[in-house]
Amino acid sequence: MSKQPASLLVQGYEVVIGFETHAQLATQSKIFSRAPTAFGAEPNTQACAVDLALPGTLPVMNREAVAHAIRLGLALGSHIAEQSVFARKNYFYPDLPKGYQISQFEIPVVQGGEVSFFLGDEKKTVRLVRAHLEEDAGKSLHEAFHGQSGIDLNRAGTPLLEIVTEPDMRSSAEAVAYAKELHKIVTWIGVCDGNMQEGSFRCDANVSVRKPGAQLGTRREIKNLNSFKFMQQAIDYEIRWQIEQIEDGHAIQQATVLFDPDTGETRAMRTKEDAADYRYFPDPDLPPLVIARSWVDEVKAGMPELPRQMAERLVAEYGLPEYDAMTLTQSPAMAAYFETAAKASGQAKMASNWIMGEVSRRLNNEEQDIAQVPVSADTLAALLKRIADGTVSNNAAKQAMEALWASKGTDVDAIIEAKGLKQMNDSGALENIIDEVIAANVPMVEQFRAGKDKAFNALVGLVMKASKGKANPQQANDLLRQKLQ
């Protein structure tokens, strides 16, 4: 059994958060039909008779959607049910023309499991209840119709995995860290593209507060959180609102709420239904879903190295700090970029520092990801070698990177030569510069000899300036100290 979450009080209240995440599965067709799932098509061009449950149609299970469910279960350490069943979840809403959603209720395909992550230096683990297969509903359109609503059924029947946690999170920061880790896992193993703006990965947060030791409070569900920034804002607002309501003597009513990014507030959408309101019953058109152990073994054999496993390997193989390893395994592309640069340069820690620092900074400024980096890992490795062998200083290497980035160049040595970035390794020339600096700054020399270290640092700075940044900083430091002593 996983360790229970530690208490973190807000204004004397304990916050309790559970998550339900809908991950749209990366299949070419819908869960029970051959209709396509591509995003952005003209409204109502990708929904077929099966998606609408028209008379004479029958749903047929999409095998690839089941394979994705198995992959997720394996990644999360869950039990994969050898037999699970589908149910009809009945509710009436304009974007659900058949009046029910095919989902799983009593026996889901993925049961249990956990998601572990770091919040600062502390390892956290969130237990999972289940992940079940279901179809998505359509979408109501309100903006384009004056006094009316339109319905786009393209999304109807799109395969989803709904991933449900225990109420193990105790702060908005912990909830966002969990969501980011889950997002990383589903994209890493290729079951979901993770595009939150397109609705491929959307989260519902169940939030309640209670006095320490009291029973769980009444929860309110914040629906369809589609960015990590809004997720944190919405949960923080909801926590404050619930505490204020309780302090003012009001009872919390169970409800579904939406977050408005413009106002930074949540607002009630409807009172929350319970399972009994949905009138679940087994879908008579779908037989039980049977998964052979041999199929699970086949899927397991094709699984990639998982991010947590890779992070542990990077620590063991390259001697990286755990923080570095966790950061570098944010995506398979970033991990591969690091490993190529580290192996080619023989400078694992330096490669890690540059990727987390200079490379990531430039990518963030341009709103690009590592897959679009204009400087290859091999080119970065060549640059790191020139830092390691003393050809260029770290600052000069950054100037070289600027030129390589802008030109998408690959010839590191040519860039260093063309820009005159080589370090001054001629100790005779450096000694002449140091002698000139000492002669021109006698008061500063006397301050150093009187025990003021700041004066020494200032003299080093003057030496570097006089060499136009080409002096080897360590060599300049050592020679200057020798002469002053």
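Residues numbered from 1 in each chain as written. Predicted model: local features only at pLDDT ≥ 70, side-chain atom pairs only at ≥ 80, totals over all residues. Heavy atoms only, no water.

### Thoughts on the packing of aromatic side chains
In total, this model carries seven aromatic pairs according to the counting rule given. With 3.9 Å between their ring centres and 0 degrees between their planes, Phe 105 and Tyr 280 make a pair best called stacked. Taken together, the residues Phe 105 in the loop between strand S6 (100-103) and strand S7 (110-111) and Tyr 280 in the loop between helix H4 (275-278) and strand S17 (281-282) connect sequence positions 175 residues apart. In this structure Phe 105 comes out as partly exposed when scored by relative accessible area, which is 32%. Tyr 280 sits in the partly exposed class, given a relative accessible area of 21%. Ring plane angle 70 degrees and centroid distance 6.0 Å describe the contact between Tyr 278 and Tyr 280, whose orientation is recorded as edge-to-face. An aromatic cluster of at least three residues, connected via ring pairs, comprises Tyr 91, Phe 105, Tyr 278 and Tyr 280. Stacked on the ring of Trp 241, the Lys or Arg Arg 220 has its end atom at 4.0 Å from the ring centre. (Phe/Tyr/Trp six-rings, centres within 6.5 Å; stacked < 30°, edge-to-face > 60°. Helix = DSSP H or I, 4+ residues; strand = E, 2+ residues; numbered from the N terminus. Buried < 20%, exposed > 50% of the residue type's maximum accessible area, 1.4 Å probe, protein only. Lys NZ or Arg CZ within 6 Å of the ring centre and 35° of its normal.)

### Things to note about the packing of helix H9 (residues 348-365) against helix H10 (residues 377-388)
Between H9 and H10, the shortest axis-to-axis distance is 11 Å and the interhelical angle comes to 115 degrees. Where H9 crosses over H10, the handedness of that crossing is right-handed. In this structure, H9 contributes Met 350, Ala 351, Trp 354, Ile 355 and Val 359 to the contact, and H10 contributes Leu 380, Leu 383, Leu 384, Ile 387 and Ala 388. Tallied by class, residues from the contact of H9 with H10 come to 10 nonpolar, no polar and no charged. (Axes fitted to C-alpha atoms, helices over the stretch in contact; angles between N-to-C directions. Left-handed = near helix turned anticlockwise from the far one by under 90°. Contact = heavy atoms within 4.5 Å. Nonpolar A, V, L, I, M, F, W, Y, C, P; charged D, E, K, R; others polar.)

### Concerning the state of the cysteines
This structure, assessed with the given rule, holds zero disulfides. With no disulfide of its own, Cys 192 lies 10.0 Å from the sulfur of Cys 203, the closest cysteine sulfur. Judged by its relative accessible area of 3%, Cys 192 falls in the buried class. (Disulfide = S-S within 2.5 Å.)

### Points about the sheet that holds strand S5 (residues 87-90)
The strand order S6-S5-S17 describes an open sheet built from three strands, whose pairing is antiparallel. A strand with exactly one partner marks an edge of an open sheet, and here the two such strands are S6 and S17. Relative to S17, S5 is paired through two bridges, and the arrangement is antiparallel. Of the residues in S17, the one forming a bridge with Arg 88 is Phe 281. (Pairing = 2+ DSSP bridges.)

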